[in-house]
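Survey of secondary and tertiary structure
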Amino acid sequence: MNTVDEILDFAIDQEQQAADFYEDVAQRAETAGMKKILLDFSEEEKSHKRILQDVKAGEHELTPEQEVLDLKISDYLVEVEISDNITYQDALIIAMKRERAAYELYSDMAAKVPASHLKEVLEGLAIEEAKHKLFFEAEYDERVLMDN
Amino acid sequence: MNLKDLLSPFFVWQRAFEKPYTTMRPIQDRPGAAAYRGFHINIAETCIGCGSCHTICQNEAIDMVAVEEFAGRPGDSGLRPRFDYGRCCWCALCVDICTASSLRMSNEYTWLTRDPTDYHFTAGVDETSWQENELGYRRAEGYRLFPEKRVEMEMLPADESVNSFEEVVKGYSEEQAKKEADRCVECGICVATCPAHMDVPDYIHSIRDGDYEKGLQLMYRTNPFPATCGRICTRRCETVCPVGIDGEPVAIRWLKRFIVDQFEAKDYQRILDETITDNGKKVAIIGAGPGGMSAAYYLRKKGYAVTVYESQQTAGGMLRYGVPSYRLPDDDLDKDIDYIVSLGVEVKYNTRIGEDIKFEQLLKDYDSVFMSTGLSVPSNMRIHGEDHPRVLSGLQVLADVANGRDPGIGKKVAVIGGGNVAMDAARVSRRYGAEVTILYRRRISEMPADEEEIHESQEEGCIIVQKAIPVELVNAESQQQVSIRWGEAEMVDDPKGGRPRPVLQEDRMHTETYDSIISAIGQGSNLDYISKEMHEQLEIEWGKFTPGEYQHTMLEKIFVGGDFANRTADAISAIEDGHHAARGIDRYLNPAAYIETEQQVD
């Protein structure tokens, strides 16, 4: 992966994989409510994919200079195993951790690339993932940590 | 007639060409005095439409009229005062009583119009030239027609309360209750805000009249848990009480308690005098908490044979096992529950649906089922080390205490959380002699616990550490202890406009060792008794039901209510859910009665 297009193709593929992952977990979920939530997550990933496709087509620009709030909630939570009776708390932890891993991947890649358009794109992708992580962390803060 | 008289009309004519003494405008603009009681000004945005002005007006010169732009505002009736200047005598009593201090008078006193209906006007809504007038009558600073401070409630001193489970709040005497009842302006805004829509002004009025039996009867119309709610209600009514705008709200909760405290449980049958005619239909209720027992009461009154299935050995749900007796003594909870049971409600204790009886069996055996099993499963923090044996759940600690078991917390305890369960777990721990530290991620002002509970926990010696985020639990040197690593937080504004969010500061971490860590960060529902197929058909989002009208689910026989079916998760909302579901079940099982009634209304 040395070109911007290759990186974007990789990122688009990652978003599709994430969407497929949530659809797969949704199929296994026992309750209708959780199915719906997981399918919503899947739709969220598809919307990320569309944004990246627009970036590739030159219709949208990534903004690497933007600061994104990091609540650091997922950093200290234990890993969750995917099961048929997955709870909303579990689903959010999985989502937060996936977004965090993606953020770290692009950040590490950007750190290894000399200043260039490619570096900017990688930094932009990292920012996008940080935004997604914030979305799920804010949701966790609101709905799971209600009394805390 | 002499000659002078005969000629005098002609002499008058000589005046016709002189400059007249009268002026074209007989009344010169002369401003009223600075504190003149002239035409009314109302700051309609500040006004909440309590109608105190209307009530106090001796000339019946004020009507309350609906103003569309204020309709539906929380704590606002949506009405505004409309003045009739054919009746007003400018006594200014309306200004003196105004709870929101929105009403005043200008020093304007002349108003000429050809249309007499103009003299009916809604101040602050209809355009007038004096609305912005700086001068005119204002209520003097500090002058009120009712005391701004509520009658103080006698409480057990903190140094005594921390050593016992005796009830902390002593209750009003008759003299105190009447004095406090006199502060109520009977506006009824509280009625709209109370989830159960209790008839607050009228039962407070019954205290003024000394007719406590009537007060009890009024309360049972909408709430069969008055002894309980008189002690632990979240009292949203008081948050909108207009007397609280410039002073302290009327102590509605304590007045409710006062009425109930006037009677022994044995008096209830005589006072409430409820005749029940069986209608031959059967309803099963799962869960004997406030939601389930409220539904049981109102269904039984309509003649249904009601059976309540309860997994515990006593009824009350979270009121029994989650609220300690220093806030709600068992005897008072029993007063409410025993009366409901005395009407012929059958309660099957120690019976768990899904284990002892299948849910599907209930659906076969009964005409309808009301589910109200609440939020009984403590949420996990999901941080490393949470499975340490010295990490306890707040709910379990409270349940142990309710069952008379020593919760085994040790002498140095940290409680994680900021809700009522956290506060109660902390206060219970103090009563077992522990030093207690409460760690909370946000600030005290953002704690979901009742403000009074937070204050009382501090009075009893609990230390609240704000903006403290637990990140890990680790083994301590002694197996009887556990260490917690927590970090300080900075509050950061949410860019999307939500409440400020705590952000962990990794350079400010702390480690402390305790005998127990009590986790009380929230609760979830346990719906294991429902089959997968049924889950698919019931509307459940974020672990909570989203029932339709009258608490009805998508499955025709099933109704739901209580903490797992509403957003507020408090007793009064559960009670209303139960009442509402009872109406829904009756409509479902007895539709003909409602069709006839609705046709009559039409």
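Residues numbered from 1 in each chain as written. Chains lettered and ligands numbered in written order. Predicted model: local features only at pLDDT ≥ 70, side-chain atom pairs only at ≥ 80, totals over all residues.

**So, the sheet that holds strand β6 (residues 282–286) of chain B**
Residue and element names in this part refer to chain B.
- Here five strands make up an open sheet; going across it, the order is β8-β7-β6-β9-β22 and the pairing parallel. Each edge of the open sheet carries a strand with a single partner, namely β8 (346–348) and β22 (558–560). Along the sheet, successive strands turn relative to each other by an average axial angle of 20°, direction set aside. (Pairing = 2+ DSSP bridges. Helix = DSSP H or I, 4+ residues; strand = E, 2+ residues; numbered from the N terminus. Axes fitted to C-alpha atoms, helices over the stretch in contact; angles between N-to-C directions.)

**Quick look at the nonpolar core**
- Core analysis: the largest hydrophobic core is formed by 177 residues, its most contacted members being Ala91(A), Leu255(B), Ile285(B), Ala296(B), Val415(B) and Ala425(B).
- Among residues more than four places away in sequence, those in contact with Ala91(A) are Met34(A), Ile37(A), Leu38(A), Phe41(A) and Ile86(A).
- One finds Phe39(B), Phe83(B), Val95(B) and Leu103(B) within the second-largest nonpolar core, a separate group that totals 15 residues. (Core = buried A, V, L, I, M, F, W, Y, C linked by C-beta atoms within 7 Å. Buried ≥ 20, exposed ≤ 12 C-beta atoms within 10 Å, placed from the backbone. Contact = placed C-beta atoms within 7 Å.)

**Brief notes about helix α12 (residues 252–261) of chain B**
- Across the 10 residues that make up α12(B), a large majority, nine, are buried.
- Among all positions of α12(B), only Ile252(B), Arg253(B), Trp254(B), Leu255(B), Lys256(B), Arg257(B), Phe258(B), Ile259(B) and Val260(B) are buried.

**Describing the interface of chain B and chain A**
- The interface of chain B with chain A comprises 30 residues on the first partner and 21 residues on the second.
- Every element with two or more residues in the side of chain B that touches chain A is listed here: α19 (420–431), β15 (468–475), β17 (501–514), α21 (532–537) and β20 (540–541) of chain B.
- In the side of chain B that touches chain A, the residues fall into 14 nonpolar, nine polar and seven charged. (Nonpolar A, V, L, I, M, F, W, Y, C, P; charged D, E, K, R; others polar.)

**Here's the deal with the domain arrangement of chain B**
- By domain assignment, chain B separates into domain 1 (40–122), domain 2 (163–270), domain 3 (276–376 + 525–563 + 571–601) and domain 4 (378–523).
- Look at where the C-alpha atoms of domain 2 of chain B and domain 4 of chain B centre, and you get two points 33 Å apart. (Domains from an automatic or database assignment.)

**Describing the environment of Cys91(B)**
Residues and elements named next belong to chain B.
- Tracing the backbone shows Cys91 in the loop between β3 (79–84) and α3 (93–97).
- The partly exposed category is assigned to Cys91, around which 14 C-beta atoms lie within 10 Å.
- A sequence separation of 376 residues divides Cys91 from Lys467, and the C-alpha atoms of the two residues are 54 Å apart.

**Description of the sheet that holds strand β16 (residues 482–492) of chain B**
All names here are of chain B.
- The three strands are arranged β15-β16-β17 in an open sheet whose pairing can be described as antiparallel. This sheet does not close on itself; its edge strands, each paired only once, are β15 and β17. The mean inter-strand angle of the sheet, taken between neighbouring strand axes irrespective of direction, is 20°.
- Sheet analysis places β16 next to β17, joined by 10 bridges and oriented antiparallel.

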